[in-house]
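Chain by chain, the residues:
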Amino acid sequence: MVKPMRWGFVGASNIAERVIPSLRKVAGQEPVAVCSRNAERARQFATAMGLQASYTELGSFLREGRFDAVYVSSTNELHCEQTLAALAAGCHVMCEKPLAMNRADAARMNDAARHAGRVLATNHHLRAQAAHRMVRDIVASGALGHVHGVQVSHAVFLPPHLQGWRLDAPGAGGGVVLDILVHNADLLRFLLGREPRRIHTVAQRNGLAQGALEDGAMSVIEFDGGTLAQTHESFVAQHALTRLHVLGTQGSLYAVGSLTQAGTAQLWQRDAQGERELSVPPVDLYETGFRAFAEACAGQGAPLASGVDGARAMAVALAGLTSAASGRMETIPD
Ligand code: NDP
C-alpha cells in the first residue's frame, strides 16, 4: 500500500523532468507544483510537465502547496537548506545525491527528519536496478565465497545539455567525484552489505571540466572484512559501456550496462559449473524508488536509500576528494 501524496518539486531541473513521468506511474502520487529561481523557467517547466502551479519563493511554495512530499533536485549546495525547509513544513523529502556538501549539513538533515517524524530519502536510483538486486542477493547467499574484490567502471560521456555547473562550479558541488563516485559508493555498500573504511583517489583533468574541478577519477576503497573495490568515474568516456565485476573465492558476477538510468542490463555468473547468463528484467529505476518511498511514507518498509545512506555515500566521496588533494589513503569517517 502506498500513501497518496501531493508532490512539490524544488528545482526546474533535467532530472525532475525525467522522474515526473516515473512518479506518475505510482498510484496516488500527484505532481502539483515547481519552485525555481527563475520565474520564466518555472512557468515553462510547469506547463511542459502538466503541473498546476509554479513559484519562485520557497516559503510561499511550501505554505501554499500543501504538499505531502517534496523532491529536491537543485544544484548540490542547495540540497541542505531546501530539505530543512521542506521538513519544517511537514513534508517527506526525496533529495537528490549527493545529500549535502559536508557531513555537518547531512547530519542536520537526518536529525531534522528524525525530529519531524518524516521520511528523508536519497535518490540513489542504482539500488533499484534488477541486476544489482540479484548481485546483492547472490553475494549475501555466500554462493561466491568470500567476496574479496569489486571493479566498477562508471565512465560515461557527460551529454552536452548537462555540461554546465558540473564542469565549472565547485561551489555548486561540481566534479565527477561528487556526481558519480557518490553513486558508486552507495552501490558498493548496497551490494556488499559492508561499510567502507578507507579510500585512495586519484583525480584527473581531461579538459572538459574547468579550473580545479576533476572530470575523471579512479579510487581504491577498502571495506570491512578486507574487500577492496576499484572504481572509475569519468565525464569524458565516449562510446564506453559501464561494467561491474564482483569477484569471490568461489565464483564471480559480471554486469554490463547496469550503471545507467535505463534500467536494463546483462549479467553473467561464473563458477565451478561454468558460465551462465542470468535473465535481468528491465525496471523503471525511478518508479521503483518512488514506490518504495511512498510505501515508507505510509509506514511500510524503508526507502531504497535513506538519508543516512545518502550521508554515508557523501562521506565516501568527500574522503575521496580529500585523498585526491593529499595524495594519501584517507579514512572514511563514520
Ligand atoms: P540541472 O542543471 O538540470 O538542474 C539543476 C538546477 O539548475 C535546477 O534545479 C535549476 O534550478 C537550474 N537550471 C535548470 N536548467 C537551467 C538552465 N537552463 N539555466 C540555468 N539554470 C538551470 O541539473 P540535473 O538535473 O542534472 O541535476 C540536479 C540534481 O540532481 C543534482 O543534485 C544531481 O546530482 C542530481 N541528479 C541525480 C540523478 C539520479 O539519477 N539520481 C541524475 C541526474 C542528476 P532553478 O530552477 O531553481 O533555477
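Because the structure is predicted, anything quoted here is derived from the model rather than measured. (Residues numbered from 1 in each chain as written. Predicted model: local features only at pLDDT ≥ 70, side-chain atom pairs only at ≥ 80, totals over all residues. Heavy atoms only, no water.)

Caption draft 1: View of the domain arrangement of the chain. Assigned domains within the chain: domain 1 (5–124) and domain 2 (126–286 + 314–331). Computed over C-alpha atoms only, the centres of domain 1 and domain 2 are separated by 26 Å. Of the residues lining the interface, 18 residues belong to domain 1; the matching set on domain 2 comes to 20 residues. Between domain 1 and domain 2 the total buried area reaches about 1,700 Å² when both faces are included, carbon and sulfur atoms providing 60% of it. At the boundary of domain 1 and domain 2, one finds 2 salt bridges. The partner of K97 in a salt bridge is D179, and the shortest N-O contact between them spans 3.1 Å. Here domain 1 and domain 2 share 9 residue pairs in polar contact (both at pLDDT 80 or more) between them. A total of 5 residues in the side of domain 1 that touches domain 2 trace back to one element, the largest contributor, which is helix α1 (residues 14–24). Tallied by class, the residues present in the side of domain 1 that touches domain 2 amount to 6 nonpolar, 7 polar and 5 charged. (Domains from an automatic or database assignment. Contact = heavy atoms within 4.5 Å. Buried area = accessible area lost by both parts, 1.4 Å probe. Salt bridge = Lys/Arg side-chain N within 4 Å of Asp/Glu carboxyl O. Polar contact = N/O pair within 3.5 Å; in protein donor to acceptor, adjacent residues only side chain to side chain. Helix = DSSP H or I, 4+ residues; strand = E, 2+ residues; numbered from the N terminus. Nonpolar A, V, L, I, M, F, W, Y, C, P; charged D, E, K, R; others polar.)

Caption draft 2: Region of interest: the packing of aromatic side chains. Under the criterion given, the structure shown has 8 aromatic pairs. Arranged with centres 6.3 Å apart and planes meeting at 40°, the rings of Y254 and W268 form a pair that is tilted. Here the residue Y254 occupies a position in strand β12 (residues 252–256), and W268 occupies one in strand β13 (residues 266–271), the gap between them amounting to 14 residues. Taking relative accessible area as the criterion, Y254 reaches 28% and is therefore assigned partly exposed. By relative accessible area, W268 is classed as buried at 19%. (Phe/Tyr/Trp six-rings, centres within 6.5 Å; stacked < 30°, edge-to-face > 60°. Buried < 20%, exposed > 50% of the residue type's maximum accessible area, 1.4 Å probe, protein only.)

Caption draft 3: Main features of the pairing of β12. Counting buried residues along β12, 4 of its 5 residues qualify, which places the element largely inside the surrounding structure. Note that strand β11 (residues 243–248) and β12 share 5 bridges and pair antiparallel. Each bridged residue has a counterpart across the sheet, and for R243 the counterpart in β12 is V256. Between β11 and β12, which pair antiparallel and follow one another directly, the connecting turn spans 3 residues. Sheet analysis places β12 next to β13, joined by 5 bridges and oriented antiparallel. Following the sheet pairing, S252 is matched in β13 by R270. (Pairing = 2+ DSSP bridges.)

Caption draft 4: Structural context of empty space enclosed by the protein. Under the criterion given, the structure shown has 1 cavity of 30 Å³ or more. Approximately 60 Å³ is the volume attributed to the largest cavity. Lining the largest cavity are M94, A121, T122, N123, H124, H125, G289, F293, P303, L304 and A305. Secondary structure elements with two or more residues in the lining of the largest cavity: β6 (120–122) and α9 (285–297). Its residues assigned to classes, the lining of the largest cavity comprises 6 nonpolar, 5 polar and no charged. (1 Å grid on protein atoms, 1.4 Å probe; cavity = no way out; pocket = protein on both sides within 12 Å on 5 of 7 lines; lining within 4 Å. Points joined across faces, edges and corners; volume = space filled by probe spheres on them.)

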